[in-house]
Amino acid sequence: MKAVQCKDYTPTNAYESVLAVHNNIPTPNLDQDIPPAGFKNPILVKVLSVALAPGDVRVMTGDTRELQGPPSLPYTPGGDVCGIVVEMPRAKKKKGEWSFGVGDRIAARFVNKPMGMLGEYALVSPDVCDRVPASISNDGAAAL
């Protein structure tokens with residue numbers, strides 16, 4: 001899949017020197033991959049829009065590397081996303097636990113670390129996302 005990757009920290013905010021689109025990034029897999037933030041029971045989404053926030057900038061500059069990582073470089077930035085649910089967690093859900101399912105458009109925020117969303121697909125925590133009403137655009141949902 002295509003994804004934007006950050007190859008190094010940029011204390012001078014020279015993002016164009018550390019960010020690049022790569023075409024050969026493995027698509028996340030619910031059976032094999034641990035989400036970058038380490039949460040459990042991720043869902044797989046096809047990314048429609050990503051909003052970059054101040055937390056993303058702090059991670060890219062290295063200002064918060066002890067608290068927010070990334071665990072290694074290069075990494076895929078982005079923590080706030082709007083996407084279509086492609087696959088749900090394998091764990092059994094409790095009745096009424098999630099208000100969305102496969103095919104629904106959702107918005108999600110990051111858990112612990114703002115990373116992993118700036119690709120064609122991403123793993124998100126079902127605990128921090130919800131269905132997006134039709135009246136809200138993809139960009140608006142990612143920015144909420």
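Everything that follows concerns the structure shown earlier in this document.
A brief structural summary. (Residues numbered from 1 in each chain as written. Predicted model: local features only at pLDDT ≥ 70, side-chain atom pairs only at ≥ 80, totals over all residues. Heavy atoms only, no water.)

## Regarding the overall build of the protein chain
A tally of helices and strands in the protein chain yields 3 helices and 7 strands. The N-to-C order of helical and strand elements in the protein chain reads β-β-β-α-α-β-β-β-β-α. At 15 Å, the protein chain has a C-alpha radius of gyration in line with the 15 Å of a compact globule built from 144 residues. Based on the C-alpha atoms only, the size of the protein chain along its principal axes is roughly 50 × 35 × 30 Å. Across the protein chain, every contact between residues at least 6 apart in sequence was considered, and the portion connecting residues at least 24 apart equals 73%. Looking at the protein chain as shown, the accessible area adds up to about 7,800 Å², and 52% of this sits on carbon and sulfur atoms. Taken as two groups, the 15 positive and 15 negative side-chain charges of the protein chain have centres that lie 7 Å from each other. (Helix = DSSP H or I, 4+ residues; strand = E, 2+ residues; numbered from the N terminus. Rg over C-alpha atoms; globule rule 2.2 N^0.38 Å. Contact = heavy atoms within 4.5 Å. Areas by Shrake-Rupley, 256 points an atom, 1.4 Å probe, with all protein chains shown as cover. Lys, Arg positive; Asp, Glu negative; His and termini not counted. Charge placed at Lys NZ, Arg CZ, Asp CG, Glu CD.)

## Remarks on the sheet that holds strand β6 (residues 121-124)
Ordered by their spatial adjacency, 5 strands build an open sheet running β6-β3-β4-β5-β7, and the pairing between neighbours is antiparallel. Whereas interior strands pair on both sides, the edge strands pair on one side only; in this sheet they are β6 and β7 (129-131). For this sheet, the mean angle separating the axes of adjacent strands, direction not counted, is 45°. With 4 bridges connecting them, strand β4 (residues 80-87) and strand β5 (residues 105-108) associate as antiparallel partners. Bridge pairing in β5 links isoleucine 84 to arginine 105. (Pairing = 2+ DSSP bridges. Axes fitted to C-alpha atoms, helices over the stretch in contact; angles between N-to-C directions.)

## Some remarks on the packing of aromatic side chains
For any pair of aromatic rings, the description consists of the separation of the ring centres together with the inter-plane angle of the planes. Summed over the entire model, instances satisfying the criterion amount to 0 aromatic pairs. Sitting above the plane of the tyrosine 121 ring, lysine 46 keeps its charged end 5.5 Å from the centroid. Stacked on the ring of tyrosine 9, the Lys or Arg arginine 65 has its end atom at 4.1 Å from the ring centre. (Phe/Tyr/Trp six-rings, centres within 6.5 Å; stacked < 30°, edge-to-face > 60°. Lys NZ or Arg CZ within 6 Å of the ring centre and 35° of its normal.)

## Observations concerning the environment of alanine 141
When you line up the elements, alanine 141 lands in helix α3 (residues 138-143). In the structure, alanine 141 is positioned 93 residues away from leucine 48 in sequence and 9.9 Å away in space, judged by C-alpha atoms.

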